[in-house]
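As a plain string of letters, each chain reads:
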Amino acid sequence: DTGVSQDPRHKITKRGQNVTFRCDPISEHNRLYWYRQTLGQGPEFLTYFQNEAQLEKSRLLSDRFSAERPKGSFSTLEIQRTEQGDSAMYLCASSSLLRGLAFFGQGTRLTVV
Amino acid sequence: DQQVKQNSPSLSVQEGRISILNCDYTNSMFDYFLWYKKYPAEGPTFLISISSIKDKNEDGRFTVFLNKSAKHLSLHIVPSQPGDSAVYFCAASRGGGGKLIFGQGTELSVKP
């Protein structure tokens, strides 16, 4: 399967703990995106990379959130000092430069208790 | 500021009939529009897209119509099948790529 892969699929953590999610995009895609989706809402843009450069960050991305794409391939999204409001589905997507069509991974469901 | 809106949270349709899902947008700079389908606990799956230079794009049972003057797009599914039951999101972007702005979604239920 050469689609977008996310790990883990589910994460339950205690409030105040740090969590890290991984995304492996489609191999030839230069762009990688992170979105967050809560119940009853559409996915909300968090940040995106073109190769290893982080080109845009949403104001939703507080300073507790950090994303990296060190070698322009996989990406990690870290949330420090998690809060209950961080509970959501975190989605990763990738696209090529030539075509804006984004393909999504299965998502990581985060529950903060 | 909700730039992309899907005003119908849910839609119920009989199998074999047409499903019409609607989406409105406010930003005239959007030039690429997409529809995604989402099952619970899965990521969105791409269905069909349309560039702002077109007003219609068709792929099998799915057709997307774009009315730029009204800033409105719609997805038609004909004939609807029970397997089409899912949440449908419309999304828009600028410059043919980059981040997508999503609507809130419409849950389609196709009844046998």
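**What to know about the state of the cysteines**
By definition, a disulfide is the covalent link that joins the sulfur atoms of two cysteine residues. All names here are of chain A. Here the structure, examined in full by the defined rule, presents two disulfides over all chains. With a sulfur-sulfur separation of 1.8 Å, Cys23 is cross-linked through a disulfide to Cys92. Between Cys23 and Cys92, the disulfide has an S-S torsion of -70° and is therefore left-handed. Placement of the pair is Cys23 in strand E3 (residues 19-24) and Cys92 in strand E9 (residues 88-95), with a sequence separation of 69 residues. Grouping residues by exposure puts Cys23 and Cys92 together as buried.

**Quick word on the sheet that holds strand E8 (residues 75-79) of chain A**
All names here are of chain A. The antiparallel open sheet is built from four strands, whose spatial order is E1-E3-E8-E7. Where the open sheet ends on each side, the last strands, each with one partner, are strand E1 (5-7) and strand E7 (65-68). Each strand axis lies, on average, 15° off the axis of its neighbour in the sheet, ignoring direction. Of the pairings in the sheet, the one linking E7 to E8 comprises four bridges and is antiparallel in character. Residue Glu68 lies in a different strand from E8, and its bridge partner there is Thr76.

**Quick look at the pairing of strand E11 (residues 108-112) of chain A**
Residues and elements named next belong to chain A. The alternating pattern of E11 places Thr108, Leu110 and Val112 on a buried face and Arg109 and Thr111 on a face that is not buried. Here four bridges tie strand E2 (residues 10-13) to E11, and the two strands are oriented parallel to one another. Looking at E11, one finds that His10 is bridged to Arg109.

**What about unusual backbone geometry?**
Most peptide bonds take the trans configuration, and most residues that are not glycine carry a negative phi. For the bond running from Asp7 of chain A to Pro8 of chain A, omega is -5°, close enough to zero to count as cis. In this structure, Pro8 of chain A sits in the loop between E1 and E2. For the bond running from Val78 of chain B to Pro79 of chain B, omega is -15°, close enough to zero to count as cis. One can find Pro79 of chain B in the loop between strand E8 (72-77) and strand E9 (86-93). You will see that Arg81 of chain A, though not glycine, has its phi angle at about 50°, which is positive.

**As for the side chain of Ser49 of chain B**
Residues and elements named next belong to chain B. Mapped onto the secondary structure, Ser49 falls in strand E5 (residues 45-51). Overall, the relative accessible area of 10% leaves Ser49 in the buried class. A polar contact of 3.3 Å, which involves the side chain of Ser49, links it to the side chain of Tyr32. Sequence-distant contacts of Ser49, that is, excluding residues within four places in its chain, are made with Tyr32, Phe33, Leu34, Asn57 and Val64.

Calculation rules
- Residue numbers restart at each chain and count upward from 1, following the sequence in its written direction.
- Chains and ligands are labelled by the order in which they are written, letters from A for the one and numbers from 1 for the other.
- Note on the predicted model: pLDDT of at least 70 is required for a residue's local features to be given, and 80 or more for side-chain atom pairs to be given and counted; whole-chain, interface and lining totals, by contrast, use all residues.
- Values shown for side chains rest on all heavy atoms present in the structure; no hydrogens or waters enter the calculation.
- A pair of cysteine sulfur atoms is labelled a disulfide when the two atoms are within 2.5 Å.
- Strands here mean DSSP runs of E at least two residues long; helices mean DSSP runs of H or I at least four residues long; both are numbered from the N terminus.
- Throughout, exposure labels follow a simple rule: accessible area from a 1.4 Å probe, protein chains only, divided by the maximum for the residue type, with under 20% read as buried, over 50% as exposed, and the rest as partly exposed.
- By definition, two strands form a pair when at least two bridges between them are found by DSSP.
- Every axis in this analysis is a line fitted to C-alpha atoms, fitted for helices over the stretch in contact. Angles between the N-to-C directions lie between 0 and 180 degrees.
- By the criterion applied in these results, polar contacts are pairs of N or O atoms within 3.5 Å in which, for protein atoms, one can donate a hydrogen and the other can accept it, and in which residues neighboring in sequence qualify only through two side-chain atoms.
- Contact criterion: two residues are considered in contact whenever any of their non-hydrogen atoms come within 4.5 Å of each other.

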